[in-house]
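Notes for the structure review
So you can see what is in the structure, the chains are spelled out below.
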Amino acid sequence: LSLEQRLAQCIIEGTKEGLYEDLEQALQKYEDPLQIINGPLMDGMNEVGRLFNDNQLIVAEVLQSAEVMKAAVSFLEPYMEKTEDSSKGKVLLATVKGDVHDIGKNLVDIILSNNGFKVVDLGIKVTPQQLIEAITLEKPDIIGLSGLLVKSAQQMVVTAHDLKQAGISIPILVGGAALSRKFTENKIAPEYDGIVLYAKDAMDGLTLANRLQQ
Ligand code: B1M
């Protein structure tokens, strides 16, 4: 197997055997550790999603794959480019109510934190009420919402609505597999008073956050 196939295989099989050696090798080969995440590791994760959808994997196995992905991201994190300051603004980050998926959110956290933003991560299954309380306390410049389930896309509509009711109009950045730009513009944005932007991946999230804070 090629290096890329071995890395993807570690994710698919949910094993750390040989993982760190292969990540070391990949760090020599790729200029940016993010390319390793977005390439072979994501390929592995997408295959896990496909196999799970096909009933060839059970939740416990997917969880193991998620743990290997998290271990790989933690290993690569120190090698990512970072600026020391956190002067670009504060981002409040959360996975929406009913959703436990946090690998994408955590990646957004790393990338924003490494690039001049102060990130406050509220974690997973965050209700609109918890979000409103945190916004009052933290006074962020941007609210970042992540969600992977189809029902999470709908939850973002509810969340935007509840935030508006609470008089909040801080820009919102949304991302996650079940979302699209179209859904964001047609369904989420009309429920909100402020800007709502869709990010297709974590780097896109950084680009949009930078644009908002210019
Ligand atoms: Co779940 N799961 N899962 N799962 N899981 C999906 C999402 C699914 C598509 C798999 C499938 O069926 N093919 C499916 C959703 C189907 C649907 O809604 N239509 C699914 C399901 C059904 C479920 C359960 C319901 C299964 C069950 O219990 N029967 C259950 C739900 C639990 C819940 O949330 N209430 C469940 C549970 C789990 C695990 C706990 C086992 C585990 C998560 C572990 C964890 O996160 N700590 C898990 C996993 C790992 C997946 C898949 C395989 C991989 C997700 C992932 O981590 N990808 C996933 C299939 C898939 O996505 N291919 C699947 C890697 C990650 C880096 O990508 O999060 O998309 P992602 O983030 C991307 C972008 O989306 C974007 O940037 C990242 C890339 O740079 N992004 C943002 C994300 N958030 C952003 C925010 C931003 C900006 C960009 O700004 C704020």
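Preceding this section is the structure that the text describes.
The structure contained in this document is the topic of the report that follows. (Residues numbered from 1 in each chain as written. Predicted model: local features only at pLDDT ≥ 70, side-chain atom pairs only at ≥ 80, totals over all residues. Heavy atoms only, no water.)

Below, the discussion takes up the coordination of the cobalt atom of the ligand. Protein coordination of the cobalt atom of the ligand is limited to a single donor, His101 (NE2), positioned at 2.2 Å. Secondary-structure assignment places His101 in the loop between β1 (89–95) and α5 (103–114). (Donors = N, O, S within 2.8 Å, 3.2 Å for Na, K, Ca; no water. Helix = DSSP H or I, 4+ residues; strand = E, 2+ residues; numbered from the N terminus.)

Moving on, we come to the packing of aromatic side chains. Ring pairs (aromatic) are described by centroid distance and by the angle formed between their planes. Tallied over the entire structure, the rule returns 2 aromatic pairs. Where Tyr20 meets Phe75, the ring centres are 5.3 Å apart and the plane angle is 45 degrees; that geometry is what we call tilted. Of this pair, Tyr20 sits in helix α2 (residues 19–29) while Phe75 sits in helix α4 (residues 59–76); the two residues are 55 residues apart in sequence, bridging distant segments of the chain. Between Phe75 and Tyr79 the ring centres are 6.1 Å apart and the planes differ by 40 degrees, which places this aromatic pair in the tilted class. Following the ring pairs from residue to residue traces out a cluster consisting of Tyr20, Phe75 and Tyr79. (Phe/Tyr/Trp six-rings, centres within 6.5 Å; stacked < 30°, edge-to-face > 60°.)

Now for the pattern of salt bridges. Summed over all chains, the structure comprises 8 salt bridges. Taking the shortest distance from any N to any O, the salt bridge between Lys29 and Glu4 comes out at 2.8 Å. With Lys29 in helix α2 and Glu4 in helix α1 (residues 3–13), the pair connects residues that are 25 residues apart, well separated along the chain. Through salt bridges with shared partners, a single ionic network connects Glu47, Arg50 and Asp54. (Salt bridge = Lys/Arg side-chain N within 4 Å of Asp/Glu carboxyl O.)

As a further point, take the sheet that holds β1. The strand order across the open sheet formed by 5 strands is β2-β1-β3-β4-β5, and the pairing between neighbours is parallel. Each edge of the open sheet carries a strand with a single partner, namely β2 (117–121) and β5 (196–198). For this sheet the average axis-to-axis angle between neighbouring strands, irrespective of direction, equals 25 degrees. Across 5 bridges, the pairing between β1 and β2 is parallel. Looking at β2, one finds that Gly89 is bridged to Phe117. Helix α9 (residues 202–212) rests against β2, β3 (142–146), β4 (172–175) and β5 of the sheet, and its axis sits at about 150 degrees to β5. (Pairing = 2+ DSSP bridges. Axes fitted to C-alpha atoms, helices over the stretch in contact; angles between N-to-C directions. Contact = heavy atoms within 4.5 Å.)

What follows covers the site of the ligand. Lining the immediate environment of the ligand, one finds 36 residues, of which Val100, His101, Asp102, Ser146 and Val150 sit closest. Assessed atom by atom at 2 Å from the grid points, the ligand resides in the largest pocket. Elements that contribute at least two residues to the shell around the ligand include exactly α3 (33–53), α4, α5, β3 and β4. The greatest single-element share of the shell around the ligand, amounting to 7 residues, is contributed by α3. (Near = heavy atom within 4 Å. 1 Å grid on protein atoms, 1.4 Å probe; cavity = no way out; pocket = protein on both sides within 12 Å on 5 of 7 lines; lining within 4 Å. Sits in = over half its atoms within 2 Å of the grid points.)

Once that is clear, we can look at the packing of α4 against α5. One can describe the packing of α4 onto α5 by two numbers: an axis separation of 11 Å at closest approach and a directional angle of 10 degrees. As summarised for this structure, α4 and α5 are arranged roughly parallel, according to the angle between their axes. Where α4 approaches α5, its residues Ala66, Met69, Lys70 and Val73 are matched on the opposing element by Ile103, Asn106, Leu107 and Ile110. When the residues that make up the contact of α4 with α5 are grouped by side-chain class, the tally is 6 nonpolar, 1 polar and 1 charged. (Parallel < 35°, antiparallel > 145°, perpendicular 65-115°, else oblique. Nonpolar A, V, L, I, M, F, W, Y, C, P; charged D, E, K, R; others polar.)

Everything listed here is a matter of coordinates, which is why it stays silent on function.
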